[in-house]
Amino acid sequence: MSATIYGIPNCDTMKKARTWLDSRDVGYAFHDYRASGLEPERLDAWVDKLGWEVLLNKASTSFRALPDADRQGLDARKAKALMLANPTMIKRPVLDLGDRLLVGFKPDIYEREMG
């Protein structure tokens, strides 16, 4: 299985997901979108597949620090612009398995989806 996990290295949820993958010898590439950014086309594909509401982490420190005007009237265009400008607003991790995406880390879902 070829997988890419997207997120930031110091996130506790990322650490748990990577530990889970490592303990099961699941090979993956790690994409640090704080350091490397995220291509608009990739985010567009994720939003098309999952919806921006699944991807935008409204509980993140980055999102909560925004001025009220930036947090109001969210739609796909505005949410994508926010996530591209500050990828730490994207829920973590995003695990791209090629044919499907998993957002967040829940061991039971990883187990079910990857056997």
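Residues numbered from 1 in each chain as written. Predicted model: local features only at pLDDT ≥ 70, side-chain atom pairs only at ≥ 80, totals over all residues. Heavy atoms only, no water.

Trainee: How should I be thinking about the sheet that holds strand β4 (residues 101-103) in this particular structure?
Mentor: Neighbouring strands of a sheet are bound in pairs by backbone hydrogen bonds; such pairs are parallel or else antiparallel. Spatial strand order, β2-β1-β3-β4: 4 strands in an open sheet with mixed pairing. A strand with exactly one partner marks an edge of an open sheet, and here the two such strands are β2 (28-32) and β4. In this sheet, adjacent strand axes meet at a mean angle of 20° when their direction is disregarded. Both strand β1 (residues 3-7) and strand β3 (residues 94-96) contribute to a ladder of 3 bridges, which runs antiparallel. For Thr-4, the partnering residue across the bridge sits in β3 and is Asp-96. (Pairing = 2+ DSSP bridges. Helix = DSSP H or I, 4+ residues; strand = E, 2+ residues; numbered from the N terminus. Axes fitted to C-alpha atoms, helices over the stretch in contact; angles between N-to-C directions.)

Trainee: Would you mind showing me how to read the pairing of β1 here?
Mentor: In regular strands, side chains alternate between the two faces of the sheet. Of all 5 residues that make up β1, 4 are buried, and the element is covered over most of its length. In the classification by handedness, the crossover that spans β1, the intervening helix α1 (residues 12-23) and the parallel β2 is right-handed. (Buried < 20%, exposed > 50% of the residue type's maximum accessible area, 1.4 Å probe, protein only. Right-handed = clockwise from strand over helix to strand, strands pointing away.)

Trainee: Got a minute to help me understand the packing of aromatic side chains in this structure?
Mentor: The relation between two aromatic rings is expressed through the spacing of the ring centres and the mutual angle of the planes. Per the stated rule, a full pass over the model turns up 3 aromatic pairs. On the basis of an interplanar angle of 80° and a centroid distance of 4.9 Å, the ring pair of Tyr-6 and Trp-46 is categorised as edge-to-face. In this pair, Tyr-6 is assigned in strand β1 and Trp-46 in helix α3 (residues 40-50), connecting sequence segments 40 residues apart. As far as burial versus exposure is concerned, Tyr-6 and Trp-46 are alike and both buried. (Phe/Tyr/Trp six-rings, centres within 6.5 Å; stacked < 30°, edge-to-face > 60°.)

Trainee: What exactly am I supposed to notice about the pairing of β2 here?
Mentor: Relative to β2, β1 runs parallel, the two being bridged by 5 bridges. What sits directly across from Ala-3, in β2, is Tyr-28.

Trainee: Is there a simple way to think about the pattern of salt bridges in this case?
Mentor: Once their charged atoms are close, side chains differing in charge can pair, the charge on each being opposite to the other. Going through the model one piece at a time under the given rule, you end up with 7 salt bridges. The shortest N-O distance in the salt bridge between Glu-111 and Arg-24 comes to 3.3 Å. With Glu-111 in helix α8 (residues 107-114) and Arg-24 in the loop between α1 and β2, this pair connects stretches of sequence that are 87 residues apart. Relative accessible area serves as the criterion here: at 41%, Arg-24 is assigned to the partly exposed category. Among the charged side chains, a salt-bridge network with shared partners connects Asp-99, Arg-100, Arg-112 and Glu-113. (Salt bridge = Lys/Arg side-chain N within 4 Å of Asp/Glu carboxyl O.)

Trainee: Quick question: what am I supposed to make of the nonpolar core here?
Mentor: Soluble globular proteins tend to bury their nonpolar side chains together. By size, the foremost hydrophobic cluster in this structure holds 34 residues, and its most contacted members are Trp-46, Met-83, Ile-90, Leu-95, Tyr-110 and Met-114. At 4 residues, the largest contribution of residues to this core is made by α1. Met-83 has contacts with Leu-43, Val-47, Trp-52, Leu-55, Leu-56, Met-89 and Ile-90, leaving out every residue within four places of it along the chain. (Core = buried A, V, L, I, M, F, W, Y, C linked by side-chain atoms within 4.5 Å. Contact = heavy atoms within 4.5 Å.)

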